[in-house]
Amino acid sequence: NAGVTQTPKFRILKIGQSMTLQCTQDMNHNYMYWYRQDPGMGLKLIYYSVGAGITDKGEVPNGYNVSRSTTEDFPLRLELAAPSQTSVYFCASRTPWGNRLSSDGYTFGSGTRLTVV
Amino acid sequence: AQSVTQLGSHVSVSEGALVLLRCNYSSSVPPYLFWYVQYPNQGLQLLLKYTSAATLVKGINGFEAEFKKSETSFHLTKPSAHMSDAAEYFCAVSVRIQGAQKLVFGQGTRLTINP
């Protein structure tokens, strides 16, 4: 299994441009998450989804949007890129606790490094 | 509110010395606790997890952590540091917030190994 796949790995955007960070998982996990990582701040939750068609805001949702039309995909959209969105973005997924496949909890993608100039 | 505090943003030890990375959590219910490692320019790799079974949890690469409810701690240790352990380490707690399980991270501890 590929696990959680994020594309692109790197991207440079100009202020005001838009882009979509892609995240796909092939483990049939219900739950998916988007985090951003900034130096000295750990990882902060942007948005999450508990299943197809259901999304909700996390700790730092401003400037972002998400959708979850399928179980596999959870894209993160930046409509008007700002320098404050320069960060490393991680997508993660998990299966509910108690499921026989939940032994590892959360599975993370390899990240997207985004720079807004 | 659920939170995780990692004491020390930078820790430096000599090769062969004990590694101790501190993590304290706040949670109103029994937590699921995790330690992740991140090598430079890479993603997060699970080191170990506590899910209410044994309080002493053994992970990969010789690391282990002990869950101490009375101290609300989940410190990460390794008896003898190796150069390859140089990385950033994150403690995290999985808690139910607004009806959904979420992973809340500490701010991270950068581990440096001196030859």
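A short tour of the structure in this document, coming up. (Residues numbered from 1 in each chain as written. Chains lettered and ligands numbered in written order. Predicted model: local features only at pLDDT ≥ 70, side-chain atom pairs only at ≥ 80, totals over all residues. Heavy atoms only, no water.)

Regarding the interface of chain A and chain B
Using the following cut-off: A contact between two residues is defined here by any heavy atoms of the two lying within 4.5 Å. Buried area, as used here, totals the accessible surface that two parts lose on assembly, with accessibility defined by a 1.4 Å probe and the loss added over both. Between Lys or Arg on one side and Asp or Glu on the other, a salt bridge is scored when a side-chain nitrogen of the former is within 4 Å of a carboxyl oxygen of the latter. Counted as a polar contact is a pair of N or O atoms within 3.5 Å, where, for protein atoms, one must be capable of donating a hydrogen and the other of accepting one, and residues adjacent in sequence contribute only when both atoms are in side chains. Helical segments are the DSSP runs of H or I of at least four residues, strand segments are the runs of E of at least two, and each set is numbered from the N terminus.
Each partner contributes residues to the interface: chain A has 20 residues there, and chain B has 21 residues. Of the roughly 1,700 Å² buried at the junction of chain A and chain B (both faces included), carbon and sulfur atoms supply 57%. Counting across the interface, chain A meets chain B through zero salt bridges. Across the contact surface, chain A and chain B share seven residue pairs in polar contact (both at pLDDT 80 or more). Within the residue set of the side of chain A that touches chain B, elements represented by two or more residues are strand S4 (31–38), strand S5 (42–51), strand S9 (87–94) and strand S10 (106–108) of chain A. A total of five residues in the side of chain A that touches chain B trace back to one element, the largest contributor, which is S5 of chain A.

Section: the sheet that holds strand S8 (residues 73–78) of chain B
Residues and elements named next belong to chain B. Here is the rule we go by: Paired strands are those between which DSSP finds at least two bridges. Here an axis means a line fitted to C-alpha atoms, over the contact stretch when the element is a helix, while the angle between two N-to-C directions is reported on a 0 to 180 degree scale.
The strand order across the open sheet built from five strands is S1-S3-S8-S7-S6, with neighbouring strands paired in antiparallel fashion. Sheet topology places strand S1 (3–7) and strand S6 (56–58) at the edges, where each strand pairs with a single neighbour. The mean inter-strand angle of the sheet, taken between neighbouring strand axes irrespective of direction, is 20°. Taken together, the three bridges between S6 and strand S7 (residues 64–68) define a ladder with antiparallel strand orientation. Its bridge partner lying in S7, valine 57 is registered against alanine 65.

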